[in-house]
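# Summary of the model geometry
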Amino acid sequence: MAEREDNVAIPEFSNLVQMDPYLKPFEKDFKRRYEQLQKQLSKLEETEGGYDQFTQSYKTFGVQRQPDNSLHFREWAPAAEALFLTGDFNAWEKFAHPYTKQEFGKWELILPPKHDNSPAVDHNSKLKVVVHTEEGERLYRISPWAKYVTRDEKSVIYDWVHWDPPNPYTQIHPRPKKPKGLRIYEAHVGIASPEGKVATYTNFTTNVLPHIRDAGYNCIQLMAIMEHAYYASFGYQITSFFAASSRYGTPEELKQMIDVAHSMGIVVLLDVVHSHASQNTEDGLNHFDGSDSCFFHSPPRGEHKLWDSRLFNYSSWEVLRFLLSNLRWWMDEYGFDGFRFDGVTSMLYHHHGMGAGFSGDYSEYFGLQVDEDSLVYLMLANHILHTLYPDCITVAEDVSGMPALCRGVEEGGLGFDYRLAMAIPDKWIQILKECKDEDWDIGNIVHTLTNRRYGEKCIAYAESHDQALVGDKTLAFWLMDKEMYTNMSSLTPMTPVIDRGIQLHKMIRLLTHGLGGEGYLNFIGNEFGHPEWLDFPREGNDQSYHYARRQFNLLDMGNLRYHQLFVFDRDMNLTEDKYGWLAAPPAFVSAKHEEDKVIVFERGRVLFIFNFNASKSFQDYRVAVETPGTYKIKLDSDEHLYGGHGRLNHNTEFFTEAHGFNGRQNSIKVYIPCRTAIVLANEEIDYCY
């Protein structure tokens, strides 16, 4: 084994080291990780006929209807003494249908069809697995592979429901091509309505998908789809990994929703939670076979103290089968186009990121604190997904800055396409909470927006669901607070608070969009400056839905300024769609002027100019530009249409002068009003990336 490790070669490691020579001293760590990955792939080939077959285990575990209508049941419960199937089909006889024990902790049961040749278990009927433990306990469990679970109104426990509809929904629209520049709409089906209730998949299909399309987003990131017993967990305490949440409707309605999104050219990502699982036992994975391990490490390693949840044992063969097949299930059965992996920082380190500052010292990313079992699982997941689905998109939620997270597995990286730029929203909230406008540190803002690993793509965002949750507020509410209740009418003059809030809301979002990453994300409702915060029904708020909804009705009232913010957000996305700055190389920042509060940069041969000054407008202000030619305004935050003051003439042509300035060969002179952002483009250029 040691000899093999010395000989292992990472095919394109030289690319990684060329990009970041400081990684060279950690070559042994990269080799060890890559060696583990190759070892897993070899084992899959030898014992399972390859990863393609292994990761389709959703076709052999749980319950499967065979061509002759017999039903095959299969579970993995290594610590169980005996397994039985009970349910509506046998009038809840506990011991009438025992499973047969197989090798490696697996259990199987075959139910022949009824006399009329229909399956023994009817569609939409309830089932339970009865687990007998070595200690003599009798446990009632839901299959970990259950495809549908529901909860009766008066019950707190979810039930396993056999889902085998006579007319399953067939998706007809092909997956859209992978976008070059991702513009992500982060959404939660349950809150996607102004009404104080749990909204549905059908509501999302009918009312929200057209809104997303019209707003210029080309990707949806769906939260809280994997079934979670506790609604207020925001979908992050998963109880049934293969079940689409029934509180919004049926699996077929979700399939239709994704199909309709595809017909609009929108790709759909699932917010997948493989970092931990709910502590629930009766309707979760915890103690499935009566042991404190099974899918998880035994405590204390198998418990996340902060999240009060269980942690997977990624070195277990059957856990790999379960999780990798789970990814395939969502891709194959529902037509998702990729994943946003939640809690990656927690997975990567034994300390789970708790109490870790992550100063950027490379020693923090290697060595004993790294959980290489879960790291190799992520490499394996990305390798398999990108090999089987070349257009699959994977996004990592990692706050640590792990090097090579978004480099290919063949270079020794983890294989993600993007990481979330999590420092950016924190910076905006900090500024709005702590700084007067005149004290904004322009250089620090630019640094935060541009401080990312070269060659590793980032998703930038000014705010996500994290910032909207109770205890925090949306950017719009930080900016305008209680005046949003009384002073948002466009029929009356803006108050100073509303004027400032409207202008800065647009500028913050455009600056983040243009400078912050290779993709952009917006949380549902924030595109029009959604007020207040987000809070799910719970004991602490008398089970209220008042804050667990999105007030799209505010847009329908054309005389409210929410509509102005929406139109700006839409045109910002459409301008990016035309000029493609997200797919372009990182920006060249030619000005970050502290006193003037001005930021100027070029990206994708588009020129961005921001004047954050609260009171000073600048006439004949010289800005640097590399490419000579004639520039025109393509987006102007000060337009009346967007709630601005209309101080710029859009017919103006700006001719470059061969006057080198701020590190560029040419420059132009412009008028930039206070609290205004403008995007200029040279129409002579072909904007193809």
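Heads up: these notes are all about the structure in this document.

### As for helix α7 (residues 317-332)
Taking 1.5 Å as the rise per residue, α7 with 16 residues should run 22 Å; its terminal C-alpha atoms sit 22 Å apart, in good agreement. Judged by how many residues are buried, α7 sits mostly within the fold: 15 of 16 residues are covered.

### Quick look at the environment of E48
Tracing the chain through its elements places E48 in helix α3 (residues 27-48). Ignoring any residue separated from it by four or fewer positions in sequence, one finds E48 in contact with K43, Q53, F54, W317 and R321. A polar side-chain atom of E48 sits 2.9 Å from a polar atom in the side chain of R321.

### Examining the nonpolar core
Counting 188 residues, the largest nonpolar core has F73, F204, L222, I225, L254, W330 and W428 as the members making the most contacts within it. Of all the elements, α7 adds the most residues to this core, at 10 residues. Discounting residues that sit within four places of it in the chain, L254 has contacts with Y201, L222, I225, A244, W330, Y334 and F336. If you look at the next biggest cluster of nonpolar residues, it comprises 18 residues, including V598, L607, I633 and I672.

### Some remarks on the pairing of strand β18 (residues 393-396)
With burial as the criterion, each face of β18 is covered, one bearing I393 and V395 and the other bearing T394 and A396. In the sheet, strand β17 (residues 338-341) pairs with β18 via 4 bridges, with the strands oriented parallel. Across the sheet, G338 pairs through a bridge with I393, a residue of β18. Bridge count for β18 against strand β19 (residues 418-420) is 2 bridges, and the pairing is parallel.

### Description of a negative patch on the surface
On the surface, a cluster of negative charge is contributed by E81, E134, E135 and E137. Within the element layout of this structure, E135 appears in the loop between β6 (126-133) and β7 (138-141). With a relative accessible area of 62%, E135 lands in the exposed category.

### Some details on the sheet that holds strand β1 (residues 62-65)
Pairing is antiparallel across the open sheet formed by 4 strands, whose spatial order is β1-β2-β5-β4. Looking along the sheet, the strands with just one partner apiece sit at the ends: β1 and β4 (100-101). Two elements, strand β2 (residues 71-76) and strand β5 (residues 106-111), share 6 bridges in a ladder whose sense is antiparallel. The partner of L71 across the bridge, within β5, is L111.

### Structural notes on the sheet that holds strand β20 (residues 458-460)
Read around the closed barrel, 8 strands run β10-β11-β14-β17-β18-β19-β20-β21, paired in parallel fashion. The mean angle between the axes of side-by-side strands here comes to 30 degrees, regardless of whether they run parallel or antiparallel. When strand β10 (residues 182-188) meets strand β21 (residues 519-523), the two strands line up parallel, connected through 5 bridges. Residue pairing across strands places R183 opposite Y520, the latter belonging to β21. Packed on one face of the sheet, α7 meets β14 (267-272) and β17 and runs near 135 degrees to β17. Where helix α14 (residues 496-515) meets the sheet, its contacts fall on β10, β20 and β21, and the angle it forms with β21 comes to roughly 150 degrees.

### Observations regarding the environment of I191
Tracing the backbone shows I191 in the loop between β10 and α5 (201-214). Residue I191 is classed as buried on the basis of its relative accessible area of 0%. Among residues more than four places away in sequence, those in contact with I191 are Y231, F523, I524, L534, F536, A548, R549 and R550.

### As for the packing of α5 against helix α6 (residues 251-263)
In contact at an axis separation of 8 Å, α5 and α6 are set at 15 degrees when each is read in the N-to-C sense. Put simply, α5 runs roughly parallel to α6. As for the relative orientation of α5 and α6, their crossing is left-handed in sense. Across from Y201, T202, F204, T205 and L209 in α5, the residues of α6 making contact are E253, L254, M257, V260 and A261. For the contact of α5 with α6, a count of residues per class yields 7 nonpolar, 2 polar and 1 charged.

### With respect to unusual backbone geometry
The residue after P299, namely P300, is reached through a cis peptide bond having omega 5 degrees. With respect to the helices, strands and loops of the structure, P300 is situated in the loop between β14 and β15 (303-304). Even without being glycine, N117 reaches a positive phi, approximately 70 degrees. Considering the arrangement of structural elements, one finds N117 in the loop between β5 and β6.

### Some thoughts on α14
Under the 1.5 Å per step criterion, the end-to-end length of α14 is 28 Å for 20 residues, consistent within 8% with the ideal 28 Å. The element α14 is largely enclosed, with a buried count of 17 among its 20 residues.

### A closer look at the side chain of S325
If you trace the backbone, S325 turns up in helix α7. By relative accessible area, which is 0% here, S325 ends up buried. Here F54 takes part through its backbone oxygen, which lies 3.2 Å from a polar atom of the side chain of S325. In this view, S325 contacts F54, T55, Q56, S57, Y58, W145, F242 and L320; residues no more than four positions away in its chain are not counted.

### Notes on the pairing of β21
The element β21 is largely enclosed, with a buried count of 5 among its 5 residues. The alternating pattern of β21 places G519, L521 and F523 and Y520 and N522 on opposite faces, both of which are buried. Strand direction decides the pairing type here: β20 and β21, joined by 2 bridges, are parallel. Pairing of A460 across the sheet is with Y520, part of β21.

### Re the packing of helix α10 (residues 423-434) against α14
For the pair α10 and α14, interaxial distance at closest approach is 12 Å and the crossing angle is 155 degrees. In terms of axis orientation, α10 runs roughly antiparallel to α14. Viewed along their axes, α10 and α14 form a crossing whose handedness is right-handed. Counting all contacts with α10, which are made through I424, W428 and L432, the residues of α14 involved are R500, I508, L511 and T512. Counted by class, the contact of α10 with α14 contains 5 nonpolar, 1 polar and 1 charged residues.

### A short note on the packing of aromatic side chains
If you walk through the whole model with that rule in mind, you get 46 aromatic pairs. With a centroid separation of 6.0 Å and an interplanar angle of 80 degrees, the aromatic rings of W330 and F336 are classed as edge-to-face. Like W330, the residue F336 is buried in the burial classification. Here the guanidinium or amino end of K255 rests over the ring plane of Y334, the centre of that ring lying 5.5 Å away.

Cut-offs used in this document
Residues numbered from 1 in each chain as written. Predicted model: local features only at pLDDT ≥ 70, side-chain atom pairs only at ≥ 80, totals over all residues. Heavy atoms only, no water. Helix = DSSP H or I, 4+ residues; strand = E, 2+ residues; numbered from the N terminus. Expected span 1.5 Å × (residues − 1). Buried < 20%, exposed > 50% of the residue type's maximum accessible area, 1.4 Å probe, protein only. Contact = heavy atoms within 4.5 Å. Polar contact = N/O pair within 3.5 Å; in protein donor to acceptor, adjacent residues only side chain to side chain. Core = buried A, V, L, I, M, F, W, Y, C linked by side-chain atoms within 4.5 Å. Pairing = 2+ DSSP bridges. Patch = residues over 30% accessible without salt bridge, like charges linked within 9 Å, V, L, I, M, F, W, Y side chains within 5 Å. Areas by Shrake-Rupley, 256 points an atom, 1.4 Å probe, with all protein chains shown as cover. Salt bridge = Lys/Arg side-chain N within 4 Å of Asp/Glu carboxyl O. Lys, Arg positive; Asp, Glu negative; His and termini not counted. Charge placed at Lys NZ, Arg CZ, Asp CG, Glu CD. Axes fitted to C-alpha atoms, helices over the stretch in contact; angles between N-to-C directions. Parallel < 35°, antiparallel > 145°, perpendicular 65-115°, else oblique. Left-handed = near helix turned anticlockwise from the far one by under 90°. Nonpolar A, V, L, I, M, F, W, Y, C, P; charged D, E, K, R; others polar. Phe/Tyr/Trp six-rings, centres within 6.5 Å; stacked < 30°, edge-to-face > 60°. Lys NZ or Arg CZ within 6 Å of the ring centre and 35° of its normal.

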